[in-house]
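Here are the chains, one letter per residue:
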Amino acid sequence: MQIRKLISRSNISTPRSNAELKDMGFTKLVKRDSGVYENVTARDGDSRYVVRDKPETLPNLSKHTIRDHDHRCRARSKDCRMRAQ
């Protein structure tokens, strides 16, 4: 009887860049001061800084959502399948 050691790849996660998060539809806020956050994934028309008690500085979350990203990914994969045929 022979015993062999199998090494399998573990579940490794790698950090995402701010651009990747933005492209995936996420918003990333980084705390800069008490009640002040920097929107490092700000899109056109979004305020770069979010200030507590100033709702006009909140990012427009209805602009781009994860659902939009999923739809684009599905559309791309469909195009890829059609090109392959």
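For the structure, see preceding data.
The rules we used
- The residue count restarts for each chain, going from 1 along the sequence in the order it is written.
- In view of the model being predicted, local features appear only for residues whose pLDDT reaches at least 70, and side-chain atom pairs are presented and counted only at 80 or more, with totals across whole chains, interfaces and linings using the full set of residues.
- Working from all heavy atoms in the structure, the side-chain values ignore hydrogens and water.
- Helix and strand definitions follow DSSP, with helices as H or I runs of at least four residues and strands as E runs of at least two, each counted in order from the N terminus.
- Burial classification: accessible surface area is computed with a 1.4 Å probe over protein chains only, and a residue below 20% of its type maximum counts as buried, one above 50% as exposed, and the rest as partly exposed.
- Any two residues having at least one pair of non-hydrogen atoms within 4.5 Å are treated as being in contact.
- Here, strands pair whenever DSSP counts at least two bridges between them.
- Think of a polar contact as two N or O atoms within 3.5 Å of one another; within protein, one of them needs to be a possible hydrogen donor and the other a possible acceptor, and neighboring residues in sequence only count if both atoms come from side chains.
- Any carboxyl oxygen of Asp or Glu within 4 Å of a side-chain nitrogen of Lys or Arg constitutes a salt bridge here.

Participant: Report on the overall build of the protein, specifying residues and quantitative values.
Facilitator: Of regular secondary structure, the protein possesses two helices and three strands. Taken from the N to the C terminus, the helices and strands of the protein come in the order α-β-β-β-α. Counting all 85 residues of the protein, 16% fall into the buried class. Residue pairs at least 24 apart in sequence account for 14% of intrachain contacts in the protein once pairs closer than 6 positions are excluded.

Participant: Got a sec to walk through the pairing of strand 1 (residues 29-33)? Specific residues and values, please.
Facilitator: By the bridge criterion, four bridges tie strand 1 to strand 2 (residues 36-39) in an arrangement that is antiparallel. Bridge assignment links D33 to a residue of strand 2, and that residue is V36. Where strand 1 hands over to strand 2, the hairpin turn is made up of two residues, of which G35 adopts a positive phi near 80°.

Participant: Give me the side chain of N39: which residues, what numbers.
Facilitator: By the secondary structure assignment, N39 is in strand 2. A polar side-chain atom of N39 sits 3.2 Å from the main-chain amide nitrogen of A42. With near-sequence residues (within four places) excluded, N39 lies in contact with T27, K28, L29, D46, S47, R48 and P59.

Participant: Explain the pairing of strand 2 to me, using residue names and the numbers behind them.
Facilitator: The sheet contact formed by strand 2 and strand 3 (residues 49-51) spans three bridges and is antiparallel. When the sheet's bridge partners are listed, V36 is paired in strand 3 with V51.

Participant: Can you explain the environment of R43? Please cite residues and give values.
Facilitator: With respect to the secondary-structure elements, R43 resides in the loop between strand 2 and strand 3. On the basis of relative accessibility, which here comes to 11%, the residue R43 falls in the buried class. In the structure, R43 is positioned 16 residues away from T27 in sequence and 9.3 Å away in space, judged by C-alpha atoms.

Participant: Before we move on, could you go through unusual backbone geometry and cite the residues and values that matter?
Facilitator: One non-glycine residue, D53, adopts positive backbone phi at about 70°. Looking at D53, the relative accessible area reads 71%, which means it is exposed.

Participant: Residue-level account of the pattern of salt bridges, with values.
Facilitator: A complete count under the given rule lists two salt bridges for this structure. The salt bridge involving E38 is made with R32; its shortest N-O contact spans 2.7 Å. By relative accessible area, which is 11% here, E38 ends up buried. E38 is paired through a salt bridge with R48; the nearest N and O atoms lie 3.2 Å apart. With E38 in strand 2 and R48 in the loop between strand 2 and strand 3, this residue pair connects regions lying ten residues apart in the sequence. Through salt bridges that share partners, R32, E38 and R48 make up one connected network.

Any functional reading would require information that these geometric values do not contain.
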